[in-house]
Amino acid sequence: MKNIKFLAGIFLILIAFTSCEIEPIDGAINPDDFHDPSSDPVVFKADFNGETWTGTTAQALISGNFISIGATKADGSTFSFLVEGTAAGTYPANTNILAYTPAGSEYGYWSINPNNETENTGSITITNIDTVNHRISGTFEYKGYWSDDTATGVLPVQFTNGVFTNLPYITQAETGNSFYAKVGGVEFEDVDLAAVTTDISGQSYISIGAQNASTDSMTVSVKSSLGTGTYNITGNIATDQVQAIYNLSDTDYHAVSGSITITSKTGSHIKGTFHFVTDGTTPFTVTEGAFDIDY
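Cut-off values and rules
Throughout, residues of each chain are indexed from 1 in the direction in which the sequence is written. Selection of residues for local features in this predicted model requires a pLDDT of at least 70, selection of side-chain atom pairs for listing and counting requires 80 or more, and totals for whole chains, interfaces and linings are taken over all residues. Calculation of side-chain values draws on the structure's entire complement of heavy atoms; hydrogens and water are dropped beforehand. We count a stretch as a helix when DSSP gives it H or I for four or more residues in a row; a strand needs E for two or more, and each element gets its number in order from the N terminus. The contact criterion used throughout is that any non-hydrogen atoms of two residues lie within 4.5 Å. Only the protein chains shown count as cover for residues, and all accessible areas are computed by the Shrake-Rupley method using a 1.4 Å probe. For this document, the term salt bridge refers to a Lys or Arg side-chain nitrogen within 4 Å of an Asp or Glu carboxyl oxygen. Burial here depends on accessible area, computed with a 1.4 Å probe over protein chains only, as a share of the maximum for the residue type. Under 20% is buried, over 50% is exposed, and the range in between is partly exposed. Nine residue types can take part in a nonpolar core, namely buried Ala, Val, Leu, Ile, Met, Phe, Trp, Tyr and Cys, and a core is a set of them joined through side-chain atoms within 4.5 Å. Any two strands with at least two DSSP-identified bridges between them are counted as paired. Pairing of aromatic side chains here covers Phe, Tyr and the six-membered ring of Trp, requires ring centres within 6.5 Å, and sorts the geometry by plane angle: under 30 degrees stacked, over 60 edge-to-face, intermediate tilted.

## Focus: the overall build of the protein chain
Point 1. On a plain count of helices and strands, the protein chain comes out with two helices and 21 strands.
Point 2. Put simply, 56% of the contacts in the protein chain that link residues at least 6 apart link residues at least 24 apart.
Point 3. Here the protein chain displays about 14100 Å² of accessible surface, and carbon together with sulfur accounts for 50% of that area.

Here is the structure:
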């Protein structure tokens, strides 16, 4: 099974949702003579709790080894998917992440049973990836479990008849984001990269996560309030303004020394460098770290 902890950390990738509308067509013209697939309607919908949820905007991102899909509607509720794969096919829901988040909530109904991660909760099928017009289509259905594991008595929700059609997508190369680091002098070759705003011990952080082909990962986090400058890592998560973790074979190794430098930062983009040494019987030394990414 892939590193679910890493997927959970990066799957809320901030997609710049866009809506696609169809312009009126002159009735005297045969549309088949001038058909442009990219002008077909964008559709995202699913049935649950006796109703049909229909998204008003939707978009996808194909990044490294992953497909991210997001849809939203006017009330603020969203569907967000993260699938390990970049080709048409059917993918199990429980080893990927499919999630519905109600309006105004930080929690949602995820496709992973926290008490039994091997449960077959459903699937998502990518039926077509149009690489010419950059459009993606598919279907899905899954049982969603409430993601707040401290809550009790919240029953799972069954999502059926899910379909997404003609969603526009971009690729990782088009984002211009980058990440680099060496572990013990050997390059950490990431295949997927994302940055999100997260909450760590009640504090808001910008977390940059990278994963390699072996599903090992590296996460660098800085307090959202920080500006440019160099900030030391001491290993005290209660007082450090920056943190870093290296995950190898599903084991987290926390940085206990080092520093993170923010060289530039705007409301949506952050750039910097880092180096650190982890805890563990045989500490890992991470050097030449650099990130340049939207969040």
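Additional details are given in the paragraphs that follow.
## Looking at the pattern of salt bridges
For side chains bearing opposite charge, pairing can occur when the charged atoms are close.
Point 1. In total, this model carries two salt bridges according to the counting rule given.
Point 2. Between K143 and E119 there is a salt bridge, and its shortest N-O distance comes to 3.5 Å. Of this pair, K143 sits in strand β10 (residues 135-146) while E119 sits in the loop between β8 (109-110) and β9 (122-130); the two residues are 24 residues apart in sequence, bridging distant segments of the chain.
Point 3. Relative accessible area serves as the criterion here: at 17%, E119 is assigned to the buried category.
Point 4. The closest approach of N and O atoms between E288 and K182, which form a salt bridge, is 3.5 Å. Pair noted here: E288 is in strand β21 (residues 285-294) and K182 is in strand β12 (residues 178-183), with a separation of 106 residues, a long-range link.

## Description of the nonpolar core
Point 1. Within the largest apolar cluster, 29 residues are counted, with the highest numbers of intra-cluster contacts made by F44, F79 and F140.
Point 2. Sorting the residues of this core by element identifies β1 (43-48), β3 (57-63), β4 (66-72), β5 (78-84), β7 (97-101), β9, β10 and β11 (157-171) as the ones contributing at least two each.
Point 3. Sort the elements by how many residues they give to this core and β11 lands first, with five residues.
Point 4. Leaving out residues up to four positions away in the same chain, F44 has contacts with W53, T54, G55, A58, I69, A71, F79, F81, F140, V163, F164 and L167.
Point 5. Counting 28 residues, the second-largest nonpolar core is a separate cluster that includes V220, Y246, I260 and I262.

## Comments concerning the environment of E106
Point 1. Along the chain, the position of E106 falls in the loop between β7 and β8.
Point 2. By relative accessible area, which is 70% here, E106 ends up exposed.
Point 3. For the pair E106 and D148, spaced 42 residues apart in the sequence, the C-alpha separation amounts to 9.0 Å.

## What about the pairing of strand β16 (residues 217-223)?
Point 1. Most of β16 sits inside the fold, with six of its seven residues counted as buried.
Point 2. Following strand β15 (residues 203-212), the chain reverses through four residues before pairing antiparallel with β16; T215 in that reversal takes a positive phi of roughly 65°.
Point 3. Where β16 and strand β18 (residues 242-248) come together, six bridges link them in antiparallel fashion. Directly across from M218, in β18, lies its bridge partner Y246.

## Side note on the packing of aromatic side chains
Point 1. This structure, assessed with the given rule, holds 26 aromatic pairs.
Point 2. Their ring planes at 70° and their centres at 5.0 Å tell us that Y253 and F284 sit as a pair that is edge-to-face. Of the two residues, Y253 sits in strand β19 (residues 251-265) while F284 sits in the loop between β20 (269-278) and β21, which places them 31 residues apart along the sequence.
Point 3. Between F274 and F276 the ring centres are 6.1 Å apart and the planes differ by 20°, which places this aromatic pair in the stacked class.
Point 4. Residue F274 is classed as buried on the basis of its relative accessible area of 3%.
Point 5. Following the ring pairs from residue to residue traces out a cluster consisting of F44, F48, W53, F79, F81, Y100, F140, Y142, F159 and F164.

## Some thoughts on unusual backbone geometry
Point 1. Phi is positive for N49, which is not a glycine, with a value near 50°.
Point 2. For N49, the position within the fold is in the loop between β1 and β2 (51-54).
Point 3. The phi dihedral of D250 is positive, around 70°, even though this residue is not glycine.
Point 4. Its location among the elements puts D250 in the loop between β18 and β19.
Point 5. Under the relative-accessibility criterion, D250 is labelled partly exposed at 49%.

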